[in-house]
Amino acid sequence: QVQVAESGGGLGQPGGSLRLSCAASGRSFSIYGMNWYRQAPGKQRELVASLRSGGSTTYVDSVKGRFTISGDNAKNTVYLQMNSLKPEDTAVYYCNFGTSRGLYWGQGTQVTVSS
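Residues numbered from 1 in each chain as written. Predicted model: local features only at pLDDT ≥ 70, side-chain atom pairs only at ≥ 80, totals over all residues. Heavy atoms only, no water.

Caption draft 1: Quick look at the overall build of the chain. In terms of helices and strands, the chain carries 0 helices and 11 strands. Its helices and strands in sequence order give the chain the pattern β-β-β-β-β-β-β-β-β-β-β, from N to C terminus. What you see for the chain is a C-alpha radius of gyration of 14 Å, in line with the 13 Å of a compact globule of 115 residues. Dimensions of the chain, computed from C-alpha atoms along their principal axes, come out at roughly 45 × 25 × 25 Å. Burial analysis of the chain (115 residues in total) assigns 41% to the buried set. (Helix = DSSP H or I, 4+ residues; strand = E, 2+ residues; numbered from the N terminus. Rg over C-alpha atoms; globule rule 2.2 N^0.38 Å. Buried < 20%, exposed > 50% of the residue type's maximum accessible area, 1.4 Å probe, protein only.)

Here you go:
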């Protein structure tokens, strides 16, 4: 079993920054990939950013140049640095880890961008 815990989020101002963290813990697992998703009210969950074990990253077009996904392998932690926030970034953000034991999701954290 792998446990996933998210932190960060909250209220951000347009043009401001927020940082999300997501840590995986448990016994004897390998991480193959880490992802951040988001789901806005009334919309489907969308993949925002991905980080593969080799270090490659991908982003949805709407966040390119503003968001950065990064990882700390020693801590089994993935981060999402969100800069130049826009009101349309408001959503519940979820992380997940693709591991040798399966796919595990965080509980979600609310990000609200408003002045």
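Caption draft 2: View of the packing of aromatic side chains. Evaluation of the coordinates by the stated rule reveals 2 aromatic pairs. With centroids separated by 4.9 Å and ring planes inclined at 50 degrees, the aromatic side chains of Tyr37 and Trp105 adopt a geometry described as tilted. Of this pair, Tyr37 sits in strand β4 (residues 31–39) while Trp105 is found in strand β10 (residues 102–105), placing the two residues 68 residues apart along the sequence. Judged by its relative accessible area of 34%, Trp105 is partly exposed. Ring centres of Tyr94 and Trp105 lie 6.5 Å apart, and the angle between their planes is 80 degrees; on these two criteria the pair is classed as edge-to-face. One end of the pair, Tyr94, is in strand β9 (residues 91–99); the other, Trp105, is in strand β10, with 11 residues separating them in the sequence. Note on Tyr94: relative accessible area 15%, which makes it buried. By way of ring pairs, the aromatic residues Tyr37, Tyr94 and Trp105 are connected into one cluster. Seen from the ring of Tyr79, Arg19 lies directly overhead, with NZ or CZ sitting 4.1 Å from the centre. Directly above the aromatic system of Trp105 lies the positively charged group of Arg45, at a separation of 4.9 Å from the ring centroid. (Phe/Tyr/Trp six-rings, centres within 6.5 Å; stacked < 30°, edge-to-face > 60°. Lys NZ or Arg CZ within 6 Å of the ring centre and 35° of its normal.)

Caption draft 3: How the structure looks around the side chain of Arg38. For Arg38, the position within the fold is in strand β4. One polar contact links Arg38 to Asp89, side chain to side chain, over a distance of 3.0 Å. Of note is the side chain of Arg38, whose polar atom sits 2.9 Å from the side chain of Tyr93. (Polar contact = N/O pair within 3.5 Å; in protein donor to acceptor, adjacent residues only side chain to side chain.)

Caption draft 4: Local environment of the state of the cysteines. Considering all chains together, one arrives at 1 disulfide under this definition. Each sulfur of the disulfide joining Cys22 and Cys95 lies 1.8 Å from the other. Given an S-S torsion of about 50 degrees, the disulfide between Cys22 and Cys95 has right-handed geometry. One end of the pair, Cys22, is in strand β3 (residues 18–26); the other, Cys95, is in strand β9, with 73 residues separating them in the sequence. (Disulfide = S-S within 2.5 Å.)

Caption draft 5: Geometry of the nonpolar core. Counting residues in hydrophobic clusters, the biggest one holds 28 residues, and the most contacted among them are Trp36, Phe67, Ile69, Leu80, Met82, Tyr93 and Phe97. For this core, the secondary structure elements donating two or more residues are β1 (2–8), β3, β4, β5 (46–52), β7 (67–72), β8 (77–82), β9 and β11 (109–113). For Tyr93, the residues in contact, after removing those within four places along its chain, are Glu6, Leu20, Tyr37, Arg38, Phe67, Leu80, Met82, Gly108, Thr109 and Val111. (Core = buried A, V, L, I, M, F, W, Y, C linked by side-chain atoms within 4.5 Å. Contact = heavy atoms within 4.5 Å.)

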